[in-house]
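Chain and residue survey
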Amino acid sequence: MAAQWEPPAPTRLDPVQPGTSARLLVVPALVGCLVALTLGIYGRLHSPTGVAVDVIGFSNGATVKSVLASGAIGFAIIQVGSSLVMYGKVRWFGAPSWIGGLHRWSGRITFILTVPVVVHCLYALGFQTFSARVFAHSIAGCLFFGVFTVKMLALTRRGMPGWVLPVLGGLAFALLVLLWFTSAFWFFTTFGWSR
Amino acid sequence: MKIATPVITLIVGLALAASLLVSSMSAVSGEKAALARASAAANATAAASAAATASPAQPTSAGVSATAAASAASPSPSSSQGFVIPPHANYVGEVQGNLGSVALVVHDTFAIAYFCNGKTQEAWLRGTPQNGKLSMTGKNHASLTANYALGHARGTVIVDGISHIFSIIAVHKPSGLYQSIETVRGATVKAGWIVLANGTQVGSLEPDSTSATPSARTAPKLDISTLTAQDGDTTLTATPIDGETGSGF
(Lines give C-alpha, C1' and ligand atoms only; values in the text may rest on other atoms or scores of the structure.)
Protein backbone atom coordinates (compact mmCIF):
# COMPACT_ATOMS: atom_id res chain seq x y z
CA MET A 1 0.00 0.00 0.00
CA ALA A 2 1.32 3.25 -1.02
CA ALA A 3 2.39 5.65 1.52
CA GLN A 4 -0.17 8.13 2.39
CA TRP A 5 -0.01 10.93 -0.03
CA GLU A 6 1.02 14.13 1.54
CA PRO A 7 0.55 17.41 -0.15
CA PRO A 8 3.87 19.11 -0.79
CA ALA A 9 4.84 21.62 1.78
CA PRO A 10 3.69 24.94 0.46
CA THR A 11 6.60 26.96 -0.76
CA ARG A 12 6.34 30.48 0.45
CA LEU A 13 5.46 32.64 -2.46
CA ASP A 14 5.86 36.25 -1.69
CA PRO A 15 2.96 38.15 -3.04
CA VAL A 16 3.96 39.78 -6.32
CA GLN A 17 4.50 43.41 -5.61
CA PRO A 18 2.89 45.44 -8.33
CA GLY A 19 4.32 48.45 -6.55
CA THR A 20 7.97 49.36 -6.77
CA SER A 21 11.28 47.68 -7.26
CA ALA A 22 14.60 49.47 -7.45
CA ARG A 23 15.96 46.37 -9.19
CA LEU A 24 14.32 47.60 -12.37
CA LEU A 25 17.01 50.26 -12.36
CA VAL A 26 19.86 47.78 -12.78
CA VAL A 27 19.81 47.50 -16.56
CA PRO A 28 19.38 51.24 -17.23
CA ALA A 29 22.16 51.95 -14.73
CA LEU A 30 24.51 49.50 -16.44
CA VAL A 31 23.77 51.02 -19.85
CA GLY A 32 24.39 54.48 -18.38
CA CYS A 33 27.74 53.36 -16.95
CA LEU A 34 28.64 51.99 -20.35
CA VAL A 35 27.80 55.32 -22.02
CA ALA A 36 29.85 57.33 -19.50
CA LEU A 37 32.82 54.96 -19.79
CA THR A 38 32.65 54.93 -23.59
CA LEU A 39 32.76 58.73 -23.74
CA GLY A 40 35.62 58.93 -21.24
CA ILE A 41 37.72 56.23 -22.87
CA TYR A 42 37.14 57.63 -26.36
CA GLY A 43 38.06 61.12 -25.14
CA ARG A 44 41.24 59.78 -23.60
CA LEU A 45 42.38 57.51 -26.44
CA HIS A 46 41.43 59.62 -29.45
CA SER A 47 44.14 62.18 -30.03
CA PRO A 48 42.48 65.61 -30.08
CA THR A 49 42.43 67.31 -33.46
CA GLY A 50 41.78 70.82 -32.18
CA VAL A 51 39.36 71.21 -35.06
CA ALA A 52 35.83 70.07 -35.73
CA VAL A 53 33.01 71.12 -38.01
CA ASP A 54 32.27 74.85 -37.84
CA VAL A 55 28.88 76.46 -37.31
CA ILE A 56 28.15 79.25 -39.77
CA GLY A 57 27.92 82.72 -38.25
CA PHE A 58 30.48 82.24 -35.54
CA SER A 59 34.20 82.79 -35.81
CA ASN A 60 35.31 80.09 -33.43
CA GLY A 61 34.14 76.82 -32.00
CA ALA A 62 34.48 77.81 -28.36
CA THR A 63 31.94 80.64 -28.68
CA VAL A 64 29.48 78.36 -30.46
CA LYS A 65 29.81 75.77 -27.72
CA SER A 66 29.39 78.35 -24.99
CA VAL A 67 26.24 79.71 -26.61
CA LEU A 68 24.78 76.22 -27.11
CA ALA A 69 25.62 75.27 -23.52
CA SER A 70 24.02 78.44 -22.21
CA GLY A 71 20.90 77.66 -24.25
CA ALA A 72 20.87 74.17 -22.77
CA ILE A 73 21.05 75.63 -19.27
CA GLY A 74 18.07 77.85 -20.08
CA PHE A 75 15.95 74.89 -21.18
CA ALA A 76 17.21 72.84 -18.22
CA ILE A 77 15.86 75.49 -15.86
CA ILE A 78 12.48 75.06 -17.59
CA GLN A 79 12.95 71.33 -16.93
CA VAL A 80 13.37 71.82 -13.21
CA GLY A 81 10.51 74.32 -13.01
CA SER A 82 8.07 72.15 -14.94
CA SER A 83 8.95 69.06 -12.90
CA LEU A 84 8.36 70.99 -9.68
CA VAL A 85 4.90 71.89 -10.99
CA MET A 86 4.25 68.27 -12.07
CA TYR A 87 5.15 67.00 -8.62
CA GLY A 88 2.86 69.58 -7.06
CA LYS A 89 5.62 71.44 -5.30
CA VAL A 90 4.40 74.80 -6.51
CA ARG A 91 1.40 75.26 -4.27
CA TRP A 92 -0.26 78.25 -5.88
CA PHE A 93 0.01 76.79 -9.33
CA GLY A 94 -1.88 73.61 -10.22
CA ALA A 95 -0.34 71.44 -12.97
CA PRO A 96 -1.88 72.52 -16.27
CA SER A 97 -2.51 69.91 -18.96
CA TRP A 98 0.39 71.07 -21.12
CA ILE A 99 3.02 70.84 -18.41
CA GLY A 100 4.01 67.27 -19.39
CA GLY A 101 4.53 68.34 -22.99
CA LEU A 102 6.56 71.35 -21.87
CA HIS A 103 8.74 69.12 -19.69
CA ARG A 104 9.33 66.57 -22.45
CA TRP A 105 10.06 69.09 -25.19
CA SER A 106 12.32 71.30 -23.08
CA GLY A 107 14.24 68.16 -22.16
CA ARG A 108 14.57 67.08 -25.76
CA ILE A 109 15.80 70.54 -26.78
CA THR A 110 18.30 70.59 -23.89
CA PHE A 111 19.69 67.23 -24.94
CA ILE A 112 19.88 68.12 -28.64
CA LEU A 113 21.70 71.38 -27.80
CA THR A 114 24.34 69.49 -25.82
CA VAL A 115 25.08 66.96 -28.58
CA PRO A 116 27.14 69.25 -30.88
CA VAL A 117 29.02 70.48 -27.82
CA VAL A 118 30.01 67.02 -26.65
CA VAL A 119 31.01 65.94 -30.15
CA HIS A 120 33.30 68.96 -30.44
CA CYS A 121 34.66 68.40 -26.93
CA LEU A 122 35.49 64.76 -27.50
CA TYR A 123 36.73 65.07 -31.07
CA ALA A 124 38.68 68.31 -30.86
CA LEU A 125 39.79 68.49 -27.21
CA GLY A 126 39.43 65.09 -25.57
CA PHE A 127 39.30 64.03 -21.95
CA GLN A 128 41.88 66.23 -20.18
CA THR A 129 43.11 66.38 -16.60
CA PHE A 130 45.60 69.26 -16.58
CA SER A 131 43.71 71.58 -14.25
CA ALA A 132 40.95 71.25 -11.69
CA ARG A 133 38.48 73.03 -13.96
CA VAL A 134 39.27 70.87 -16.95
CA PHE A 135 39.30 67.64 -14.95
CA ALA A 136 35.97 68.41 -13.28
CA HIS A 137 34.54 69.29 -16.68
CA SER A 138 35.74 66.07 -18.31
CA ILE A 139 34.37 63.89 -15.51
CA ALA A 140 31.05 65.75 -15.33
CA GLY A 141 30.67 65.53 -19.10
CA CYS A 142 30.95 61.75 -19.12
CA LEU A 143 28.68 61.41 -16.09
CA PHE A 144 26.03 63.75 -17.51
CA PHE A 145 25.43 61.62 -20.59
CA GLY A 146 25.50 58.48 -18.42
CA VAL A 147 22.89 59.87 -16.05
CA PHE A 148 20.79 61.16 -18.93
CA THR A 149 20.78 57.70 -20.53
CA VAL A 150 19.75 56.11 -17.23
CA LYS A 151 16.91 58.58 -16.88
CA MET A 152 15.64 58.05 -20.43
CA LEU A 153 15.69 54.26 -19.99
CA ALA A 154 14.14 54.51 -16.52
CA LEU A 155 11.21 56.41 -18.03
CA THR A 156 10.36 53.42 -20.18
CA ARG A 157 9.89 51.09 -17.21
CA ARG A 158 6.84 50.95 -15.01
CA GLY A 159 7.17 50.24 -11.32
CA MET A 160 10.21 52.26 -10.38
CA PRO A 161 10.33 53.71 -6.88
CA GLY A 162 9.08 57.27 -6.78
CA TRP A 163 12.46 58.76 -5.95
CA VAL A 164 14.19 57.48 -9.08
CA LEU A 165 13.13 60.14 -11.59
CA PRO A 166 13.59 63.18 -9.30
CA VAL A 167 17.01 61.93 -8.24
CA LEU A 168 18.15 61.22 -11.81
CA GLY A 169 16.71 64.47 -13.10
CA GLY A 170 18.26 66.47 -10.26
CA LEU A 171 21.60 64.77 -10.82
CA ALA A 172 21.51 65.52 -14.54
CA PHE A 173 20.67 69.16 -13.85
CA ALA A 174 23.43 69.51 -11.25
CA LEU A 175 25.98 68.00 -13.64
CA LEU A 176 24.84 70.27 -16.46
CA VAL A 177 25.24 73.34 -14.27
CA LEU A 178 28.72 72.15 -13.25
CA LEU A 179 29.57 71.62 -16.92
CA TRP A 180 28.37 75.09 -17.81
CA PHE A 181 30.30 76.75 -14.97
CA THR A 182 33.53 74.97 -15.87
CA SER A 183 33.24 75.84 -19.58
CA ALA A 184 30.88 78.50 -20.91
CA PHE A 185 30.93 80.64 -17.76
CA TRP A 186 34.71 80.37 -17.63
CA PHE A 187 34.96 81.12 -21.35
CA PHE A 188 32.78 84.24 -21.26
CA THR A 189 34.49 85.61 -18.15
CA THR A 190 37.96 84.90 -19.57
CA PHE A 191 37.57 85.94 -23.19
CA GLY A 192 34.41 88.03 -23.11
CA TRP A 193 31.89 88.03 -25.89
CA SER A 194 33.14 87.88 -29.44
CA ARG A 195 30.59 86.92 -32.09
CA MET B 1 6.59 47.77 -32.86
CA LYS B 2 6.21 50.76 -30.65
CA ILE B 3 9.39 52.33 -29.35
CA ALA B 4 9.16 54.39 -26.19
CA THR B 5 9.66 58.09 -26.82
CA PRO B 6 12.62 58.45 -24.39
CA VAL B 7 14.44 55.82 -26.41
CA ILE B 8 13.65 57.75 -29.59
CA THR B 9 15.20 60.82 -27.93
CA LEU B 10 18.38 58.86 -27.25
CA ILE B 11 18.47 57.47 -30.79
CA VAL B 12 17.99 60.93 -32.32
CA GLY B 13 20.80 62.31 -30.15
CA LEU B 14 23.08 59.45 -31.12
CA ALA B 15 22.31 59.94 -34.82
CA LEU B 16 23.02 63.68 -34.56
CA ALA B 17 26.29 62.96 -32.75
CA ALA B 18 27.30 60.43 -35.40
CA SER B 19 26.58 62.81 -38.28
CA LEU B 20 28.49 65.64 -36.58
CA LEU B 21 31.40 63.31 -35.93
CA VAL B 22 31.52 62.27 -39.58
CA SER B 23 31.37 65.88 -40.79
CA SER B 24 34.09 66.80 -38.30
CA MET B 25 36.27 64.05 -39.67
CA SER B 26 35.77 65.30 -43.22
CA ALA B 27 36.39 68.89 -42.06
CA VAL B 28 39.70 67.84 -40.56
CA SER B 29 40.76 65.94 -43.66
CA GLY B 30 39.75 69.02 -45.70
CA GLU B 31 42.02 71.06 -43.47
CA LYS B 32 44.86 68.69 -44.22
CA ALA B 33 44.18 68.91 -47.97
CA ALA B 34 44.26 72.72 -47.76
CA LEU B 35 47.58 72.50 -45.94
CA ALA B 36 48.98 70.27 -48.64
CA ARG B 37 47.81 72.70 -51.35
CA ALA B 38 49.34 75.69 -49.55
CA SER B 39 52.59 73.82 -49.11
CA ALA B 40 52.64 72.91 -52.77
CA ALA B 41 52.24 76.60 -53.62
CA ALA B 42 55.06 77.52 -51.25
CA ASN B 43 57.12 74.78 -52.80
CA ALA B 44 56.59 76.26 -56.26
CA THR B 45 57.60 79.72 -54.98
CA ALA B 46 60.64 78.28 -53.32
CA ALA B 47 61.64 76.43 -56.46
CA ALA B 48 61.34 79.65 -58.45
CA SER B 49 63.40 81.67 -55.98
CA ALA B 50 65.92 78.88 -55.68
CA ALA B 51 66.38 78.89 -59.43
CA ALA B 52 66.69 82.68 -59.51
CA THR B 53 69.37 82.81 -56.85
CA ALA B 54 71.11 79.61 -57.88
CA SER B 55 70.55 78.28 -54.40
CA PRO B 56 71.80 74.77 -53.89
CA ALA B 57 68.38 73.53 -52.84
CA GLN B 58 66.50 72.00 -55.75
CA PRO B 59 63.32 70.46 -54.40
CA THR B 60 62.13 67.66 -56.61
CA SER B 61 58.52 67.40 -57.55
CA ALA B 62 58.46 63.75 -56.63
CA GLY B 63 58.99 64.70 -53.01
CA VAL B 64 62.35 63.01 -52.84
CA SER B 65 64.72 64.93 -50.63
CA ALA B 66 67.16 67.06 -52.56
CA THR B 67 70.58 66.49 -51.13
CA ALA B 68 72.41 69.29 -52.90
CA ALA B 69 72.48 71.28 -49.66
CA ALA B 70 75.65 69.58 -48.54
CA SER B 71 77.87 71.98 -50.41
CA ALA B 72 76.31 75.10 -48.92
CA ALA B 73 78.21 77.05 -46.30
CA SER B 74 75.03 78.39 -44.71
CA PRO B 75 72.08 76.18 -43.81
CA SER B 76 69.81 75.66 -46.75
CA PRO B 77 66.18 74.78 -47.03
CA SER B 78 65.55 71.08 -47.06
CA SER B 79 62.75 69.39 -48.88
CA SER B 80 60.58 66.71 -47.43
CA GLN B 81 57.48 65.25 -49.05
CA GLY B 82 57.34 68.23 -51.39
CA PHE B 83 57.50 70.74 -48.50
CA VAL B 84 60.35 73.23 -48.56
CA ILE B 85 61.48 73.56 -44.99
CA PRO B 86 63.46 76.67 -44.08
CA PRO B 87 65.97 76.03 -41.31
CA HIS B 88 65.52 79.56 -39.95
CA ALA B 89 62.18 81.31 -39.90
CA ASN B 90 59.84 83.57 -37.93
CA TYR B 91 56.08 83.30 -38.31
CA VAL B 92 53.51 85.51 -36.62
CA GLY B 93 49.79 86.10 -36.97
CA GLU B 94 46.42 86.11 -35.31
CA VAL B 95 44.67 82.87 -34.54
CA GLN B 96 41.31 82.18 -36.12
CA GLY B 97 38.54 84.02 -34.30
CA ASN B 98 40.79 86.85 -33.05
CA LEU B 99 41.21 85.34 -29.59
CA GLY B 100 44.97 85.95 -29.59
CA SER B 101 48.13 85.90 -31.65
CA VAL B 102 50.82 83.34 -32.06
CA ALA B 103 54.50 83.57 -32.94
CA LEU B 104 56.52 80.61 -34.11
CA VAL B 105 60.31 80.87 -34.38
CA VAL B 106 62.46 78.11 -35.82
CA HIS B 107 66.24 78.09 -35.61
CA ASP B 108 67.99 74.93 -36.81
CA THR B 109 67.08 72.18 -34.36
CA PHE B 110 65.11 74.28 -31.94
CA ALA B 111 61.80 76.10 -32.00
CA ILE B 112 60.16 78.58 -29.65
CA ALA B 113 56.51 79.59 -29.84
CA TYR B 114 54.46 82.11 -27.93
CA PHE B 115 50.72 82.50 -27.77
CA CYS B 116 49.10 85.46 -26.04
CA ASN B 117 45.91 87.46 -26.14
CA GLY B 118 47.45 90.54 -24.54
CA LYS B 119 45.68 89.72 -21.30
CA THR B 120 45.68 86.64 -19.06
CA GLN B 121 45.93 83.96 -21.73
CA GLU B 122 49.46 83.17 -22.82
CA ALA B 123 51.94 80.35 -23.09
CA TRP B 124 55.57 79.84 -24.02
CA LEU B 125 56.21 76.61 -25.87
CA ARG B 126 59.31 74.74 -26.93
CA GLY B 127 59.91 71.95 -29.33
CA THR B 128 62.15 70.32 -31.88
CA PRO B 129 61.37 70.68 -35.57
CA GLN B 130 61.18 67.48 -37.55
CA ASN B 131 60.82 67.72 -41.31
CA GLY B 132 58.66 70.80 -41.14
CA LYS B 133 56.51 69.46 -38.36
CA LEU B 134 56.42 70.80 -34.85
CA SER B 135 54.96 69.33 -31.72
CA MET B 136 55.58 71.73 -28.86
CA THR B 137 54.69 71.87 -25.20
CA GLY B 138 54.61 74.50 -22.51
CA LYS B 139 53.58 75.09 -18.93
CA ASN B 140 49.99 74.47 -17.88
CA HIS B 141 49.84 71.69 -20.48
CA ALA B 142 49.86 74.13 -23.35
CA SER B 143 50.57 72.40 -26.62
CA LEU B 144 51.10 73.36 -30.22
CA THR B 145 51.24 71.31 -33.36
CA ALA B 146 52.14 72.92 -36.65
CA ASN B 147 53.41 72.35 -40.13
CA TYR B 148 55.63 75.03 -41.53
CA ALA B 149 57.16 75.67 -44.89
CA LEU B 150 58.69 78.54 -46.77
CA GLY B 151 56.46 81.57 -46.16
CA HIS B 152 53.77 80.17 -43.93
CA ALA B 153 52.87 77.94 -41.02
CA ARG B 154 49.58 76.34 -40.05
CA GLY B 155 48.52 74.47 -36.99
CA THR B 156 46.71 74.40 -33.70
CA VAL B 157 47.72 75.76 -30.32
CA ILE B 158 45.90 74.70 -27.16
CA VAL B 159 46.21 77.10 -24.22
CA ASP B 160 44.15 76.70 -21.06
CA GLY B 161 42.01 74.05 -22.72
CA ILE B 162 40.99 76.28 -25.63
CA SER B 163 42.27 75.28 -29.03
CA HIS B 164 43.08 77.95 -31.57
CA ILE B 165 43.67 77.27 -35.24
CA PHE B 166 46.19 79.43 -36.99
CA SER B 167 47.48 80.03 -40.46
CA ILE B 168 50.30 82.55 -40.20
CA ILE B 169 52.94 84.08 -42.45
CA ALA B 170 56.69 84.41 -42.31
CA VAL B 171 57.92 87.84 -41.17
CA HIS B 172 61.19 89.67 -40.73
CA LYS B 173 62.32 92.25 -38.20
CA PRO B 174 60.94 94.41 -36.72
CA SER B 175 57.93 92.07 -36.84
CA GLY B 176 58.40 88.95 -34.79
CA LEU B 177 58.72 87.78 -31.21
CA TYR B 178 60.33 89.66 -28.33
CA GLN B 179 61.02 88.45 -24.82
CA SER B 180 62.15 90.10 -21.60
CA ILE B 181 63.23 88.30 -18.44
CA GLU B 182 64.04 90.44 -15.39
CA THR B 183 64.40 89.69 -11.70
CA VAL B 184 62.27 92.15 -9.78
CA ARG B 185 62.27 91.90 -5.97
CA GLY B 186 63.19 88.23 -6.12
CA ALA B 187 60.53 87.28 -8.65
CA THR B 188 61.29 86.44 -12.24
CA VAL B 189 59.22 88.69 -14.46
CA LYS B 190 58.89 87.32 -17.98
CA ALA B 191 57.19 89.29 -20.70
CA GLY B 192 56.54 88.46 -24.33
CA TRP B 193 55.46 90.62 -27.24
CA ILE B 194 54.32 89.55 -30.67
CA VAL B 195 54.73 92.26 -33.31
CA LEU B 196 52.49 91.47 -36.26
CA ALA B 197 53.31 92.12 -39.91
CA ASN B 198 51.26 95.35 -39.82
CA GLY B 199 53.25 96.62 -36.84
CA THR B 200 50.60 96.14 -34.17
CA GLN B 201 51.86 94.43 -31.05
CA VAL B 202 50.28 92.26 -28.42
CA GLY B 203 52.04 91.34 -25.21
CA SER B 204 51.51 89.62 -21.89
CA LEU B 205 53.61 89.58 -18.76
CA GLU B 206 54.08 86.87 -16.13
CA PRO B 207 54.86 88.55 -12.78
CA ASP B 208 56.22 85.24 -11.42
CA SER B 209 57.24 83.07 -14.33
CA THR B 210 59.09 80.42 -12.34
CA SER B 211 55.76 79.28 -10.88
CA ALA B 212 54.48 75.99 -12.27
CA THR B 213 51.29 77.73 -13.32
CA PRO B 214 52.27 81.34 -13.97
CA SER B 215 49.52 83.91 -14.15
CA ALA B 216 49.69 86.74 -16.64
CA ARG B 217 48.51 90.26 -17.27
CA THR B 218 48.81 92.81 -20.06
CA ALA B 219 52.41 93.77 -20.77
CA PRO B 220 53.42 97.42 -21.06
CA LYS B 221 53.99 98.66 -24.59
CA LEU B 222 57.33 97.70 -26.05
CA ASP B 223 59.32 100.44 -27.70
CA ILE B 224 60.70 98.65 -30.76
CA SER B 225 63.49 101.18 -31.35
CA THR B 226 64.98 100.98 -27.84
CA LEU B 227 63.69 97.46 -27.01
CA THR B 228 62.53 98.64 -23.62
CA ALA B 229 59.19 98.77 -21.87
CA GLN B 230 58.32 100.64 -18.69
CA ASP B 231 56.39 98.53 -16.19
CA GLY B 232 55.72 100.88 -13.29
CA ASP B 233 59.14 101.68 -11.81
CA THR B 234 60.80 98.75 -13.57
CA THR B 235 62.38 99.04 -16.99
CA LEU B 236 62.08 95.81 -18.97
CA THR B 237 64.72 95.18 -21.61
CA ALA B 238 63.59 92.94 -24.42
CA THR B 239 65.54 90.58 -26.64
CA PRO B 240 64.29 89.64 -30.07
CA ILE B 241 63.72 85.93 -30.49
CA ASP B 242 64.72 85.71 -34.10
CA GLY B 243 65.16 82.51 -36.04
CA GLU B 244 67.07 84.28 -38.79
CA THR B 245 69.85 85.60 -36.54
CA GLY B 246 69.55 83.02 -33.78
CA SER B 247 69.05 85.80 -31.22
CA GLY B 248 67.31 84.57 -28.10
CA PHE B 249 68.19 80.91 -28.67
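Not measured: the values here are computed from a predicted model.

**Thoughts on the sheet that holds strand E7 (residues 133-138) of chain B**
Residues and elements named next belong to chain B. Strand order in this closed barrel of 8 strands is E3-E4-E5-E6-E7-E8-E9-E10, and the pairing throughout is antiparallel. Across this sheet, the average inter-strand angle for adjacent strands is 25 degrees, counted without regard to direction. In terms of strand pairing, strand E9 (residues 152-159) meets strand E10 (residues 162-170) through 8 bridges, oriented antiparallel. Note on E10: the bridge partner recorded for Ala153 is Ile168.

**Some thoughts on the interface of chain B and chain A**
With 33 residues of chain B in contact, the opposing surface of chain A contributes 32 residues. In this assembly, chain B packs against chain A so that about 2900 Å² is buried in total across both faces, 74% of it on carbon and sulfur atoms. Sorting the residues of chain B by area buried against chain A places Thr9, Leu10 and Leu99 of chain B first, and these three jointly supply 18% of that buried surface. On the surface where chain B and chain A come into contact, there are 0 salt bridges. Here the element with the most residues in the side of chain B that touches chain A is helix H1 (residues 5-52) of chain B; it accounts for 16 residues. For the side of chain B that touches chain A, the class distribution of residues is 15 nonpolar, 17 polar and 1 charged.

**Some remarks on the packing of helix H3 (residues 99-125) of chain A against helix H4 (residues 132-155) of chain A**
Residues and elements named next belong to chain A. Two numbers describe how H3 lies on H4: the axes approach to 12 Å, and their chain directions differ by 140 degrees. Taken together, the axes of H3 and H4 lie oblique to each other. Viewed along their axes, H3 and H4 form a crossing whose handedness is left-handed. Facing His103, Phe111, Thr114, Val118 and Cys121 of H3, the residues of H4 in contact are His137, Phe144, Phe145, Phe148 and Lys151. Of the residues that constitute the contact of H3 with H4, the class distribution is 6 nonpolar, 3 polar and 1 charged.

**Re the environment of Gly232 of chain B**
Residues and elements named next belong to chain B. Relative to the helices and strands, Gly232 is located in the loop between strand E15 (228-231) and strand E16 (234-237). The class of Gly232 is exposed, set by a relative accessible area of 64%. As a C-alpha pair, Gly232 and Pro220 span 12 residues in sequence and 8.8 Å in three-dimensional space.

**A closer look at the pairing of strand E12 (residues 187-195) of chain B**
Residues and elements named next belong to chain B. Judged by how many residues are buried, E12 sits mostly within the fold: 8 of 9 residues are covered. Of the strand pairs in this sheet, strand E11 (residues 176-184) and E12 are connected by 9 bridges, and their pairing is antiparallel. Paired with Tyr178 across the two strands is Trp193, which belongs to E12. Where E11 folds back onto E12 in an antiparallel hairpin, the turn is made up of 2 residues, including Arg185, whose phi is positive at roughly 50 degrees.

**Here's the deal with helix H1 (residues 26-45) of chain A**
All names here are of chain A. Taking 1.5 Å of rise per residue, 20 residues should cover 28 Å, and H1 covers 28 Å from first to last C-alpha, within 8% of that figure. Listed as buried for H1 are Pro28, Gly32, Ala36, Leu39, Gly40 and Gly43. For H1, the arc enclosing every buried residue in end-on projection is 100 degrees, short of the 170-degree limit, so these residues lie on one face. Exposed residues pointing more than 90 degrees away from the buried face of H1 are listed as Leu30, Leu34, Leu37 and Leu45. Along its buried surface, H1 packs onto H3 and H4.

**Here we look at the sheet that holds strand E13 (residues 201-206) of chain B**
Read from one edge to the other, the open sheet built from 5 strands follows the order E14-E13-E12-E11-E17 (chain B), with strand pairing classed as antiparallel. Each of the sheet's edge strands pairs with one partner strand only, and the pair in question is strand E14 (217-218) and strand E17 (239-241) of chain B.

**Digging into the pairing of E13 of chain B**
Residue and element names in this part refer to chain B. Of all 6 residues in E13, 5 are buried; the element is thus mostly enclosed. Two strands pair when backbone bridges link them, and E12 and E13 are joined in this way by 6 bridges, in the antiparallel orientation. Each residue of the ladder has a partner; that of Trp193, found in E13, is Gly203. Remark: 5 residues form the turn of the hairpin made by E12 and E13, two consecutive strands paired antiparallel; Gly199 in that turn has positive phi of roughly 95 degrees. Here 2 bridges tie E13 to E14, and the two strands are oriented antiparallel to one another. Bridging across to E14, Ser204 finds its partner in Thr218.

Conventions we followed
- Residues numbered from 1 in each chain as written.
- Chains lettered and ligands numbered in written order.
- Predicted model: local features only at pLDDT ≥ 70, side-chain atom pairs only at ≥ 80, totals over all residues.
- Heavy atoms only, no water.
- Pairing = 2+ DSSP bridges.
- Helix = DSSP H or I, 4+ residues; strand = E, 2+ residues; numbered from the N terminus.
- Axes fitted to C-alpha atoms, helices over the stretch in contact; angles between N-to-C directions.
- Contact = heavy atoms within 4.5 Å.
- Buried area = accessible area lost by both parts, 1.4 Å probe.
- Salt bridge = Lys/Arg side-chain N within 4 Å of Asp/Glu carboxyl O.
- Nonpolar A, V, L, I, M, F, W, Y, C, P; charged D, E, K, R; others polar.
- Parallel < 35°, antiparallel > 145°, perpendicular 65-115°, else oblique.
- Left-handed = near helix turned anticlockwise from the far one by under 90°.
- Buried < 20%, exposed > 50% of the residue type's maximum accessible area, 1.4 Å probe, protein only.
- Expected span 1.5 Å × (residues − 1).
- Arc of directions from axis to C-beta.

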